[in-house]
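Listed here are the chains, written in short residue letters.
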Amino acid sequence: MASTSTPLTLPVLPLDDEVVLPGMVVPLDLSDTDVRAAVEAAQAAAPSSGASKPTVLLVPRVDGAYAATGVLGTVEQVGRLSDGDPGALIRGRGRVKIGAGTTGPGRALWVEGSRVEESAPDPLPGSVTELVKEYKALATDWLKKRGAWQVVDRVQQIDDISQLADNSGYSPFLTTAQKIELLETADPVARLKLATEQLREHLAEQDVAESIAKDVQEGVDKQQREFLLRRQLEAVRKELRELNGGATDAADESDDYRTRVEAADLPEKVREAALKEVEKLERSSDQSPEGSWIRTWLDTVLELPWNERTDDSAAGHDIQGAKAILDAEHSGLQDVKERITEYLAVRKRRADRGLGVVGGRRGGAVLALVGPPGVGKTSLGESVAHAMGRKFVRVALGGVRDEAEIRGHRRTYVGALPGRIVRAIKEAGSMNPVVLLDEIDKVGSDFRGDPAAALLEVLDPAQNHTFRDHYLEVELDLSDVVFLATANVLESIPEALLDRMELVRLDGYTEDEKVVIARDHLLPAPAGAGGPRARRSRSGGLGAAQARG
């Protein structure tokens with residue numbers, strides 16, 4: 001409990017953004033006008049008041065406003081501070097409730113006040129005793145971290161709860177507002193609870209800050225250690241090169257690969273995988289076979305056109321233009337060209353409606369051109385690529401019986417290579433070419449797996465946007481690739497694979513179509529390549545053949 005009594009008349013010593021609690025001893029600079037005026041006024045009034053030492057009223061002042069409660073202070077000594085400036089040593093004695101202003105000697109502001117008498121329960125309840133133990137434990141923990149062992153002993157010797165709570169005024173981590181709150185809390189038990197809570201919050205913040213600082217320091221130490229080790233490694237390799245007559249070694253290659261990976265325009269996941277392989281290459285010895293595997297893998301990854309795409313030409317967006325290209329490059333086959341034109345028109349409409357890619361997937365049928373040999377299935381695929389303005393690449397599947405031909409080999413195997421799909425993308429130099437899967441009906445299966453099962457994933461729009469080749473072991477987006485297939489015999493195509501495709505049948509040519517093809521497409525090529533004499537000879541042969549017909 002606290003009560004107010006003992007009226008006083010004291011000169012005000014304002015403390016800007018600073019708080020002094022009872023029991024604290026603080027040095028104050030007398031070069032400050034307000035401080036000097038208050039001390040001189042207290043010294044002038046001391047003989048008449050009968051006090052053994054001059055007394056002042058220490059009042060916190062924030063932004064020009066005085067607090068409602070101050071501290072009675074006695075001027076213990078006037079002299080020089082450690083820096084040589086004049087100063088006074090003042091000890092806080094007790095809380096004073098500030099009243100009205102009054103007059104007094106000197107230039108200081110005088111006010112009337114009443115001493116706040118404080119009383120603590122005796123004996124202390126068990127909860128207060130536990131609070132005292134907690135505060136001392138927290139204060140000891142904080143002081144030990146700062147190495148203030150002498151202060152630890154002094155805090156442990158304080159038994160008065162009011163004095164113990166006011167002792168927290170020395171804490172540098174408390175803000176001015178927090179110290180004023182302690183000053184204006186007259187009840188000693190409530191003040192000790194407040195001081196304990198403030199100290200507990202600071203220690204929690206300090207633990208978090210130390211944890212963050214430790215993590216940052218560990219990261220910096222790791223970088224410095226790595227930098228020093230790399231410099232030492234470079235020095236060792238330089239010495240080895242000089243001993244070997246200046247021959248280059250794997251270090252130059254690894255540095256070159258790191259530079260190439262960092263400079264390449266790779267997807268984030270692919271870049272991370274490539275940098276991990278570069279680190280393995282840097283750690284591997286020159287005699288290790290793993291180094292050659294890693295270099296081959298890095299070359300393959302760096303040569304793939306990860307972010308290269310060809311823009312569809314005007315013909316690809318102009319259906320009439322695409323139809324004109326098909327008519328110019330192929331005679332007859334009207335129903336087949338109409339179906340291809342419909343296919344391109346559907347892709348254009350989906351793109352116009354924003355349905356080209358939905359959730360990473362791309363819709364669209366896979367056209368399978370089925371017909372006897374020599375009817376123009378492969379050349380039709382080239383014409384589709386020409387009409388769309390895309391690169392064209394052909395993947396021959398005749399006689400393929402190893403699933404690794406499609407998915408690629410594991411890198412642990414000798415002579416491992418990526419699958420034919422990855423090699424086709426690499427050959428095209430674009431992530432959206434037209435890939436012709438030639439002779440898909442001649443794909444077989446044996447003890448090495450079923451290539452048709454791998455082709456199912458390649459052709460499935462729900463899966464091919466995350467296709468994973470066994471050699472690359474990173475995701476490859478095939479959703480923008482236009483797949484076409486050719487076959488001679490429909491019955492030989494696996495049923496599950498056939499279900500992924502839409503059939504387009506090509507029949508044999510009529511006699512009139514063969515004559516047009518020979519005149520407009522076959523004859524100009526060898527005639528132009530063979531010169532005028534060859535052109536006359538072939539023209540005569542054709543005329544003779546027509547005459548005999």
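Residues numbered from 1 in each chain as written. Predicted model: local features only at pLDDT ≥ 70, side-chain atom pairs only at ≥ 80, totals over all residues. Heavy atoms only, no water.

## A look at the overall build of the protein chain
So, step 1. In terms of helices and strands, the protein chain carries 19 helices and 14 strands.
So, step 2. In the protein chain, which comprises 549 residues, the proportion classed as buried is 41%.
So, step 3. Contacts spanning at least 24 positions in sequence make up 69% of the contacts within the protein chain whose residues lie at least 6 apart.
So, step 4. Accessible surface, the protein chain: about 29,300 Å² in total, of which carbon and sulfur atoms supply 50%. (Helix = DSSP H or I, 4+ residues; strand = E, 2+ residues; numbered from the N terminus. Buried < 20%, exposed > 50% of the residue type's maximum accessible area, 1.4 Å probe, protein only. Contact = heavy atoms within 4.5 Å. Areas by Shrake-Rupley, 256 points an atom, 1.4 Å probe, with all protein chains shown as cover.)

## Digging into the packing of aromatic side chains
So, step 1. Within this structure, the stated rule accounts for 1 aromatic pair.
So, step 2. Relative to F173, the ring of W142 lies with its centre 5.2 Å away and its plane at 75°, an arrangement referred to as edge-to-face. Of the two residues, W142 is situated in helix α2 (residues 126–146) and F173 in the loop between α4 (161–166) and α5 (176–184); the sequence distance between them amounts to 31 residues. (Phe/Tyr/Trp six-rings, centres within 6.5 Å; stacked < 30°, edge-to-face > 60°.)

## Points about a negative patch on the surface
So, step 1. A contiguous patch of negative charge on the surface is contributed by E181, E184, E197, E201 and E205.
So, step 2. Mapped onto the negative patch, the elements with two or more residues apiece are α5 and α6 (188–243).
So, step 3. Per-element tally for the negative patch: the top contributor is α6, with 3 residues.
So, step 4. Mapping E197 onto the fold places it in helix α6.
So, step 5. On the basis of relative accessibility, which here comes to 39%, the residue E197 falls in the partly exposed class. (Patch = residues over 30% accessible without salt bridge, like charges linked within 9 Å, V, L, I, M, F, W, Y side chains within 5 Å. Salt bridge = Lys/Arg side-chain N within 4 Å of Asp/Glu carboxyl O. Lys, Arg positive; Asp, Glu negative; His and termini not counted. Charge placed at Lys NZ, Arg CZ, Asp CG, Glu CD.)

## Some words on the pairing of strand β5 (residues 69–80)
On any regular strand, side chains alternate: one points to one face of the sheet, the next to the other face.
So, step 1. One ladder, built from 4 bridges, connects strand β3 (residues 55–62) with β5; its direction is antiparallel. Among the inter-strand pairings, L57 is bridged to a residue of β5, identified as L72.
So, step 2. As defined by bridge partners, β5 adjoins strand β6 (residues 86–102) across 11 bridges and the pair is classed as antiparallel. The residue bridging T69 from the neighbouring strand is K97, located in β6.
So, step 3. Where β5 hands over to β6, the hairpin turn is made up of 5 residues, of which G84 adopts a positive phi near 95°. (Pairing = 2+ DSSP bridges.)

## So, helix α16 (residues 451–459)
So, step 1. Extensive coverage of α16 is indicated by the burial of 7 of its 9 residues.
So, step 2. Of all the residues in α16, the buried ones are P451, A452, A454, L455, E457, V458 and L459.

## Focus: unusual backbone geometry
So, step 1. The phi dihedral of D63 falls on the positive side, at around 55°, and the residue is not glycine.
So, step 2. If you trace the backbone, D63 turns up in the loop between β3 and β4 (65–66).
So, step 3. Among the residues examined, D63 registers a relative accessible area of 79% and is labelled exposed.
So, step 4. The residue E439 is not glycine, and still its phi comes out positive at about 60°.
So, step 5. Locating E439 in the fold gives a position in the loop between β10 (434–438) and α16.
So, step 6. Classification of E439 by relative accessible area gives partly exposed; the value is 27%.

## As for the sheet that holds strand β13 (residues 482–487)
So, step 1. With parallel pairing, the 5 strands of this open sheet are ordered in space as β9-β10-β13-β8-β14. Whereas interior strands pair on both sides, the edge strands pair on one side only; in this sheet they are β9 (392–396) and β14 (501–505). Averaged over all adjacent pairs, the angle separating strand axes in this sheet is 25°, with direction ignored.
So, step 2. Each of β9 and β10 is contacted by helix α15 (residues 420–428), which is oriented at about 155° to β9, the strand it contacts most. (Axes fitted to C-alpha atoms, helices over the stretch in contact; angles between N-to-C directions.)

## Here's the deal with empty space enclosed by the protein
So, step 1. One pass over the structure, following the stated rule, counts 2 cavities of 30 Å³ or more.
So, step 2. Considering only enclosed or pocket space, the second largest cavity measures out at about 40 Å³ in volume.
So, step 3. Surrounding the second largest cavity, K323, D327, Q334, K337, E338 and T341 form its lining.
So, step 4. The set of elements that each furnish at least two residues to the lining of the second largest cavity consists of α11 (319–329) and α12 (334–352).
So, step 5. For the lining of the second largest cavity, a count of residues per class yields no nonpolar, 2 polar and 4 charged. (1 Å grid on protein atoms, 1.4 Å probe; cavity = no way out; pocket = protein on both sides within 12 Å on 5 of 7 lines; lining within 4 Å. Points joined across faces, edges and corners; volume = space filled by probe spheres on them. Nonpolar A, V, L, I, M, F, W, Y, C, P; charged D, E, K, R; others polar.)

## Quick look at the packing of helix α8 (residues 268–283) against helix α9 (residues 289–303)
So, step 1. With their axes 10 Å apart at the nearest point, α8 and α9 run at an angle of 155° to one another. Accordingly, the angle class assigned to the pair α8 and α9 is roughly antiparallel. Handedness of the crossing formed by α8 with α9: left-handed. On α9, the residues that touch V270, A273, A274, E277, V278, K280 and L281 of α8 are E290, G291, I294, R295, W297, L298 and V301.
So, step 2. A per-class count over the contact of α8 with α9 returns 9 nonpolar, 1 polar and 4 charged. (Parallel < 35°, antiparallel > 145°, perpendicular 65-115°, else oblique. Left-handed = near helix turned anticlockwise from the far one by under 90°.)

## Here's the deal with α11
So, step 1. Among all positions in α11, only I319, G321, A322, I325 and L326 are buried. All buried residues of α11 fall inside an arc of 165° around its axis, so they share one side. Seen from the buried face of α11, the exposed residues on the opposite side, beyond 90 degrees, are Q320 and A328. (Arc of directions from axis to C-beta.)

## What about the nonpolar core?
So, step 1. Judged by nonpolar contacts, the single largest core of 52 residues is most densely connected at L298, L437, I440, L478, F483 and M501.
So, step 2. Those residues in contact with M501 that sit more than four places away from it in its chain are V366, A368, I440, L459, A485 and I493.
So, step 3. V20, M24, V75 and L138 belong to the second largest nonpolar core, which has 43 residues in total. (Core = buried A, V, L, I, M, F, W, Y, C linked by side-chain atoms within 4.5 Å.)

## Quick look at the confidence of the model for the protein chain
Caution applies to low-pLDDT parts of the model: their predicted coordinates are not meant to be read in detail.
So, step 1. Summarising the model, the protein chain shows a mean pLDDT of 81, and 87% of its residues fall at 70 or more.
So, step 2. When mean pLDDT is taken per element in the protein chain, β9 scores highest with 92 and helix α19 (residues 524–548) scores lowest with 43.
So, step 3. Throughout residues 531–549 the model reports pLDDT below 50, and contacts reaching past four residues in sequence, or to other chains, amount to 4 contacts. (pLDDT = per-residue confidence, 0-100.)

## Some remarks on the side chain of K136
So, step 1. Among the secondary structure elements, K136 is positioned in helix α2.
So, step 2. You can call K136 buried: its relative accessible area is 12%.
So, step 3. At 2.8 Å, the side chain of K136 and the backbone oxygen of I158 are in polar contact.
So, step 4. When residues no more than four places from it in sequence are discounted, the contact partners of K136 are V155, Q156, I158, D159 and L164. (Polar contact = N/O pair within 3.5 Å; in protein donor to acceptor, adjacent residues only side chain to side chain.)

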